[in-house]
Amino acid sequence: MPKSRLTRRRLLAAAAPLAAAPLVGRFALDEGAGAAGVRHAGHAASGHAAMIGETVPAVGGPHDLDELLYPPPALPYQPGRVREYRLVARDVELEIAPGVFFPAWTYNGTVPGPVIRATEDDLLRVRFLNAGSHPHTIHFHGIHPAGMDGVFEIVGPGEELTYEFPAKPYGMHLYHCHATPLKKHIHKGLYGAFIIDPPEPRPPAQELVMVMNGYDTDGDGSNNFYTVNGRSFYYAKHPIRVSRSQTVRIYLANLTEFDLVNSFHLHADFFRYYPTGSSDRFEYTDTVMQCQGQRGILEIEFSNTGTFMFHAHQSEFAELGWMGYFNVVD
Ligand code: CU
Ligand code: CU
């Protein structure tokens with residue numbers, strides 16, 4: 001363990017100079033700007049500054065990840081209705097932090113893949129084309145027939161397969177590739193959120209999806225960066241604006257490879273956590289942990305307006321990219 005930690009830190013510095021430099025340099029600039037504009041504030045000062053907004057070393061503009069953050073709306077219960085999705089596996093080089101490129105295997109070009117949503121008893125039809133360089137599948141969590149499980153039905157490059165089954169049970173689920181070696185196919189990025197809505201609709205809410213992951217950018221079998229929805233520090237650069245007057249509902253899943261658990265911690269407030277979102281049973285807390293494949297639903301009624309941090313409660317993950325902010329307004 002000590003060895004792997006050392007390796008990770010050294011590699012963060014070595015493999016990501018462009019990401020690491022702003023972490024120090026721009027903090028110093030911020031702190032100095034208010035005073036004499038001096039940039040020699042040094043490590044002690046720079047390391048203690050909160051990182052938020054345009055100074056944050058994250059890739060992209062404010063709406064880049066909207067499709068991953070905001071799920072398609074829930075539809076009313078209507079047994080037998082067909083819900084169609086098209087997933088294409090592609091090899092894509094993704095910039096996950098400034099100057100840091102990850103040779104990803106993706107569904108539809110992003111990591112995580114698109115949010116799949118259905119209402120319980122919809123007929124879910126997912127047409128899958130493998131345009132990547134390796135054999136892949138889609139394995140859905142939930143209940144379905146043997147031939148739809150994405151374990152034995154390997155889809156080679158250039159091949160297609162349609163998955164079709166009634167969506168159940170309701171809850172927050174996930175999907176991922178199940179070709180072997182499994183560890184590789186998952187850490188390369190082939191996974192996404194899969195929401196099944198209950199027959200009795202959930203109350204209206206501001207709905208968000210967060211998929212927690214990590215990237216092993218140097219191939220040593222441990223992660224160098226952590227994110228929600230695919231880019232390090234993205235929601236620190238672009239805080240998520242929510243209203244205090246309506247419940248915030250987060251569909252949270254953990255697809256982090258290599259590390260045994262990941263976690264979500266909210267500052268300055270509490271939320272209800274429904275494991276797997278499959279019943280009314282909840283825990284009232286400010287921190288939840290998930291093993292890979294675990295997922296659940298958080299419901300927050302913010303008590304205060306202002307800017308509030310959320311992040312992995314493994315401090316190391318937070319410092320390597322898994323942290324962001326809610327901007328709560330009236
Ligand atoms: Cu695969
Ligand atoms: Cu799984």
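Computed from a prediction, not measured in an experiment: that's the story for all the values here.

Colleague: I'd like a description of the coordination of the copper ion (ligand 1), backed by residues and values.
Modeller: Around the copper ion (ligand 1), the protein supplies His136 (ND1), Cys177 (SG) and His185 (ND1) as donor atoms, at distances of 1.9 to 2.1 Å. The sequence pattern describing where the donors of the copper ion (ligand 1) fall on their chain is H-x40-C-x7-H. Here Cys177 lies in the loop between β7 (171-176) and α5 (182-187) and His136 lies in the loop between β4 (123-130) and β5 (139-140), a separation of 41 residues in the sequence. For the pair formed by His136 and Cys177, the shared burial category is buried.

Colleague: Describe a nonpolar patch on the surface, with residues and values.
Modeller: A cluster of nonpolar side chains, contributed by Phe270, Phe282 and Tyr284, occupies part of the molecular surface with about 330 Å² of accessible area. Relative to the helices and strands, Tyr284 is located in strand β15 (residues 283-285). Judged by relative accessible area, which is 55%, Tyr284 ranks as exposed.

Colleague: Before we move on, can you summarise the sheet that holds strand β14 (residues 271-275) with the specific residues and values?
Modeller: Taken together, 6 strands build an open sheet; the order of strands is β10-β9-β12-β17-β14-β15 and the sheet is mixed. With partners counted over all chains shown, the strands left at the sheet margins are β10 (225-228) and β15, one partner each. If you compare each strand with its neighbour and ignore which way they point, the axes differ by 25 degrees on average.

Colleague: I'd like to hear about the pairing of β14, residue by residue, with values.
Modeller: Side-chain direction in a regular strand flips from residue to residue, so the side chains alternate between the two faces of the sheet. The buried fraction of β14 is high, at 4 of 5 residues. For β14 and β15, the ladder comprises 3 bridges, and the chain directions are antiparallel. Across the sheet, Tyr273 pairs through a bridge with Glu283, a residue of β15. Of the strand pairs in this sheet, β14 and strand β17 (residues 295-300) are connected by 4 bridges, and their pairing is antiparallel. Looking across to β17, one finds that Tyr273 is bridged to Leu298.

Colleague: So, the environment of Tyr77: which residues are in play, and what are the values?
Modeller: When you line up the elements, Tyr77 lands in the loop between α4 (66-69) and β1 (82-97). Put simply, Tyr77 and Thr119 are 42 residues apart on the chain and 6.2 Å apart in space, counted from C-alpha to C-alpha. Once residues within four sequence positions are removed from consideration, Tyr77 is found in contact with Thr119, Glu120, Asp121 and Pro199. Of the polar contacts made by the side chain of Tyr77, one reaches the side chain of Asp121; its length is 2.5 Å.

Colleague: Give a description of the side chain of Asn262 that names residues and reports values.
Modeller: Mapped onto the secondary structure, Asn262 falls in strand β13 (residues 261-266). Only 2.9 Å separates the side chain of Asn262 from the side chain of Thr256, close enough to count as a polar contact. Engagement of the side chain of Asn262 in a polar contact is seen with the side chain of Trp322, the distance being 3.1 Å. With near-sequence residues (within four places) excluded, Asn262 lies in contact with Met212, Asn254, Thr256, Val288, Met289, Gln290, Ala312, Gln314, Phe317 and Trp322.

Colleague: Could you give me a rundown of the coordination of the copper ion (ligand 2), with the residues and numbers involved?
Modeller: Listed as protein donors to the copper ion (ligand 2) are His141 (NE2) and His176 (NE2); their distances from the metal cover 1.9 to 2.0 Å. In this pair, His141 is assigned in the loop between β5 and β6 (160-166) and His176 in strand β7, connecting sequence segments 35 residues apart. Relative accessible area serves as the criterion here: at 7%, His176 is assigned to the buried category.

Colleague: Describe unusual backbone geometry, naming the residues involved and giving the relevant values.
Modeller: Of note, the bond from Val111 into Pro112 is cis; its omega dihedral lies within 30 degrees of zero at 0 degrees. With respect to the element layout, Pro112 can be found in the loop between β2 (100-107) and β3 (116-119). Residue Pro181 is bonded to the preceding Thr180 through a cis peptide linkage, with omega at -5 degrees. Along the polypeptide, Pro181 turns up in the loop between β7 and α5. A positive phi angle, near 60 degrees, is found at Phe233, a position not held by glycine. For Phe258, which is not glycine, the phi dihedral falls at a positive 75 degrees. Structurally, the position occupied by Phe258 is in the loop between β12 (248-254) and β13. Residue Phe258 is classed as partly exposed on the basis of its relative accessible area of 24%.

Definitions and limits used
Residues numbered from 1 in each chain as written. Chains lettered and ligands numbered in written order. Predicted model: local features only at pLDDT ≥ 70, side-chain atom pairs only at ≥ 80, totals over all residues. Heavy atoms only, no water. Donors = N, O, S within 2.8 Å, 3.2 Å for Na, K, Ca; no water. Helix = DSSP H or I, 4+ residues; strand = E, 2+ residues; numbered from the N terminus. Buried < 20%, exposed > 50% of the residue type's maximum accessible area, 1.4 Å probe, protein only. Patch = residues over 30% accessible without salt bridge, like charges linked within 9 Å, V, L, I, M, F, W, Y side chains within 5 Å. Areas by Shrake-Rupley, 256 points an atom, 1.4 Å probe, with all protein chains shown as cover. Salt bridge = Lys/Arg side-chain N within 4 Å of Asp/Glu carboxyl O. Pairing = 2+ DSSP bridges. Axes fitted to C-alpha atoms, helices over the stretch in contact; angles between N-to-C directions. Contact = heavy atoms within 4.5 Å. Polar contact = N/O pair within 3.5 Å; in protein donor to acceptor, adjacent residues only side chain to side chain.

Geometric descriptors of this kind do not, in isolation, establish any biological role.
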